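What follows is each chain in one-letter form.
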Amino acid sequence: MNRPILLAVLLSLFAATAFPPGEASALSGQPVPFSHKTHVAGNGIDCRFCHIYATRSASAGIPSVAKCMSCHRVVAAGNPSVKLVARAADEKRAIAWNRVAKLPDHVYFPHHKMVNAGVPCLFCHPGVDQAVETVQKRAFTMGWCMACHRQRGVSIDCWTCHK
Amino acid sequence: MSHGGGHKWGMAIDLDRCTGCNACMVACSAENNVPITSEDQAGKGRLMHWIRVNRYWQSGWPRPESVHIPVPCMHCGKAPCEPVCPVYATYHNEENLNAMVYNRCVGTRYCANNCPYSVRVFNWFDNKWEGPLDEQLNPDLSVRSRGVMEKCTFCIQRIRRAKEQASTENRALRDGEVVPACVQTCPPGALLFGDLNDPDSEVSRAVRNLRRFRLMEHLGTEPSVTYLKRVKGGGT
């Protein structure tokens, strides 16, 4: 056996033990590599198709594995990432996605109020439609929230958002 | 709601109905992530309750009688706690609420010392909730850390939620829709909460009752909580 092949085998063995499915992969920081670019920019899926609670709840919601599989039973079923999702679906197991857009504990942010007031998702989550790896590019600073609230004439009372 | 303009939240407490059962205190602690203080700490004046029930003995044995007065934050119109805060951590908002911003608080405790009702409580320690109690913490509120003053908010999270519900359904807030935890849990219905700007609300009707009085009104604090005096009498 020549050297490069041996190295490749060893590396793949290492990868299989170091990053078993369900653990965060080194590439994406998520248990399953997920590209918003493929879904949003590539296939034109609306944010609210997956984040179904954005218009009616404080939390926008993470799609269930069943929701993923409603398309992926057929679409790109051979993709290795999709296979990870399919396995989770077969095992009736949720995928433990890691939170990317973080807000402190003392802030109340109702997604539905913003979305229903016509604030585009990309206003707070810029570039997420083009992101291969999900990152939060906009820092959620209070001054930035306040500037928009002032401009739109929305309440800037502390107790509107702080809890 | 018939009136124009904003809300002016207020509470009415009917002492004729209060039995002194302390359910309001329990409900408040559960709703607002208020830490439970040990007897030892309570003895040092570190008891943490956002609402307490004062007991006054009226007569002794063989016919002991007492009056119970639930005391939440009065949300004073002219609150003595507000001007003494050096960091503007407590202020008055547009809806007549005496608001507290935990992140601004540096723990001088001037506010609590200037409160004639002693309703402000201080986090002397980082409080821990032993399992499984940590599972029942209310996610609508932050857990306050050590060195921070806290007090009754009239359940601002519930006010917020009711408003959201009303705006989602594109209608005005109805009377009785905002129910703080203490009001919700009171078995004899001694506590009432609502909008004092709405002359027809249940609380507005209650505060016009002839039995009305307010705690330490002579201080000029203009409390938002009105009490209805206990009238001793036979029957009903």
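Shown above is the structure to which this text applies.
Because the structure is predicted, anything quoted here is derived from the model rather than measured.

**Student:** Tell me what's going on with the overall build of chain B, and back it up with residues and numbers.
**Tutor:** Counting its secondary structure elements, chain B contains six helices and ten strands. Relative to its length of 236 residues, chain B is compact, with a C-alpha radius of gyration of 18 Å against a globular reference of 18 Å. Once the C-alpha set of chain B is aligned to its principal axes, its extents read approximately 55 × 50 × 40 Å. Considering only contacts within chain B whose residues lie at least 6 apart along the sequence, 64% involve residues at least 24 apart. Between the averaged position of the 29 positive side-chain charges in chain B and that of its 25 negative side-chain charges there is a distance of 6 Å.

**Student:** Before we move on, could you go through the interface of chain A and chain B and cite the residues and values that matter?
**Tutor:** Facing the 13 residues of chain A at the interface are 21 residues of chain B. Roughly 1400 Å² of surface becomes buried between chain A and chain B when both sides are summed, with 51% attributable to carbon and sulfur atoms. There are 14 residue pairs in polar contact (both at pLDDT 80 or more) connecting chain A and chain B. Per element, the largest residue contribution to the side of chain A that touches chain B is four residues, and it comes from helix H9 (residues 158-161) of chain A. Residue classes in the side of chain A that touches chain B are distributed as five nonpolar, four polar and four charged.

**Student:** Just give me the short version of the nonpolar core, but keep the residues and values in it.
**Tutor:** Soluble globular proteins tend to bury their nonpolar side chains together. Met11, Phe154, Leu191 and Tyr227 of chain B are the most contacted members of the largest nonpolar core, which has 58 residues in total. Top contributing element to this core by residue count: helix H4 (residues 156-168) of chain B, with four residues. With near-sequence residues (within four places) excluded, Met11 of chain B lies in contact with Pro72, Phe154, Cys182, Val183, Leu191, Leu192, Phe193, Val203, Ser224, Val225 and Thr226 of chain B. Val32, Val65, Ala89 and Ile95 of chain A belong to the second largest nonpolar core, which has eight residues in total.

**Student:** Go over the packing of aromatic side chains with me, naming the residues and quoting the values.
**Tutor:** A ring pair, where both rings are aromatic, is described by two values, the distance of the centres and the angle of the planes. A complete count under the given rule lists seven aromatic pairs over all chains for this structure. Geometrically, the ring pair formed by Phe213 of chain B and Tyr227 of chain B is stacked, given 5.6 Å between the ring centres and 25° between the ring planes. Of this pair, Phe213 of chain B sits in strand E9 (residues 212-213) while Tyr227 of chain B sits in strand E10 (residues 225-228), placing them 14 residues apart in sequence. The exposure class assigned to Phe213 of chain B is partly exposed, which follows from its relative accessible area of 27%. Judged by relative accessible area, Tyr227 of chain B falls into the buried class, the value being 0%. Joined through ring pairs, the aromatic side chains of Trp9, Phe154 and Phe193 of chain B make up one cluster. Geometry around Phe49 of chain A places Lys67 of chain A over its ring, the cationic atom sitting 4.5 Å from the centre.

**Student:** A description of the packing of helix H4 (residues 65-72) of chain A against helix H5 (residues 80-90) of chain A should follow, citing residues and the corresponding values.
**Tutor:** Residues and elements named next belong to chain A. Look at H4 against H5: their axes get within 10 Å of each other, and the N-to-C directions meet at 125°. Relative to H5, H4 is oriented oblique. The handedness of the crossing between H4 and H5 comes out as left-handed. Across the interface between the two elements, Val65, Cys68, Met69 and His72 from H4 touch Val82, Val85, Ala86, Ala88 and Ala89 from H5.

**Student:** Explain the pattern of salt bridges to me, using residue names and the numbers behind them.
**Tutor:** This structure, assessed with the given rule, holds 15 salt bridges over all chains. Between Arg93 of chain A and Glu91 of chain A there is a salt bridge, with its nearest N and O atoms 2.9 Å apart. Accessibility expressed as a relative area gives 35% for Arg93 of chain A, which makes it partly exposed. Glu91 of chain A sits in the partly exposed class, given a relative accessible area of 46%. In this structure, the salt-bridge partner of Arg63 of chain B is Glu65 of chain B, at a minimum N-O distance of 3.9 Å. Arg63 of chain B gets classed as exposed once you look at its relative accessible area, which sits at 61%. One salt-bridge network, held together by shared partners, links Asp14, Asp16, Arg17 and Arg211 of chain B.

**Student:** Tell me about H4 of chain B, residues and numbers included.
**Tutor:** An ideal rise of 1.5 Å per residue puts 18 Å on 13 residues; H4 of chain B measures up with 18 Å between its terminal C-alpha atoms. Taken together, the buried positions of H4 of chain B are Ile156, Gln157, Ile159, Arg160, Ala162, Glu164 and Ala166 of chain B. At its buried positions, H4 of chain B is contacted by helix H6 (111-116) and H9 of chain A together with strand E1 (9-14), helix H1 (23-31) and strand E8 (191-195) of chain B. Just past H4 of chain B, the residue Asn170 of chain B takes up positive phi, approximately 55°.

Reading the values: the criteria
- Along every chain, residues carry numbers that run from 1 in the direction the sequence is written.
- Going through the entries in the order they are written, you letter the chains from A and number the ligands from 1.
- Totals for whole chains, interfaces and linings use every residue, but because this is a predicted model, local features are given only for residues with pLDDT of at least 70 and side-chain atom pairs only at 80 or more, for both listing and counting.
- Excluded from the side-chain calculation are hydrogens and water; included are all heavy atoms of the structure.
- Here a strand is any run of E in DSSP of at least two residues, a helix any run of H or I of at least four, and the numbering for each starts at the N terminus.
- The quantity called the radius of gyration is restricted to C-alpha atoms. Its globule counterpart is 2.2 Å times the number of residues to the power 0.38.
- Working rule for contacts: check all heavy atoms of both residues, and any pair within 4.5 Å makes them a contact.
- Working convention for charge: Lys and Arg count positive, Asp and Glu count negative, and His plus the chain ends are omitted.
- In this description, the location of a charge corresponds to atom NZ of lysine, CZ of arginine, CG of aspartate or CD of glutamate.
- Buried area counts how much accessible surface, traced with a 1.4 Å probe, disappears from two parts once they are put together, with both parts' losses summed.
- Identification of polar contacts relies on pairs of N or O atoms within 3.5 Å, with a donor-acceptor requirement for protein atoms, meaning one able to donate a hydrogen and the other able to accept it, and with residues adjacent in sequence counted only if both atoms are side-chain atoms.
- Any residue outside Ala, Val, Leu, Ile, Met, Phe, Trp, Tyr, Cys, Pro, Asp, Glu, Lys and Arg is labelled polar, Gly included; the first ten of those are nonpolar and the last four are charged.
- Here, nonpolar core refers to any group of buried Ala, Val, Leu, Ile, Met, Phe, Trp, Tyr and Cys residues whose side-chain atoms link them within 4.5 Å.
- Summary of the burial criterion: residues with accessible area below 20% of their type's maximum are buried, those above 50% are exposed, and those between are partly exposed, where the area comes from a 1.4 Å probe applied to protein chains only.
- Side-chain rings of Phe, Tyr and Trp, where Trp is taken by its six-membered ring, are said to pair if the distance between their centres is within 6.5 Å; with planes under 30 degrees apart they count as stacked, over 60 as edge-to-face, and otherwise as tilted.
- Distance and angle both matter: a charge sits over a ring if NZ of Lys or CZ of Arg is within 6 Å of the ring centre and within 35 degrees of the ring normal.
- Only the contacting stretch of a helix is used when fitting its axis, a line to C-alpha atoms as for every element, and angles between N-to-C directions run 0 to 180 degrees.
- The labels follow the angle: roughly parallel below 35 degrees, roughly antiparallel above 145, roughly perpendicular from 65 to 115, and oblique for the rest.
- Definitions for this section: a left-handed crossing has its near helix turned counterclockwise from the far helix by less than a right angle. A right-handed crossing has that turn clockwise.
- Whenever Lys or Arg places a side-chain nitrogen within 4 Å of a carboxyl oxygen from Asp or Glu, that contact is recorded as a salt bridge.
- A helix is expected to span 1.5 Å for every residue after the first.

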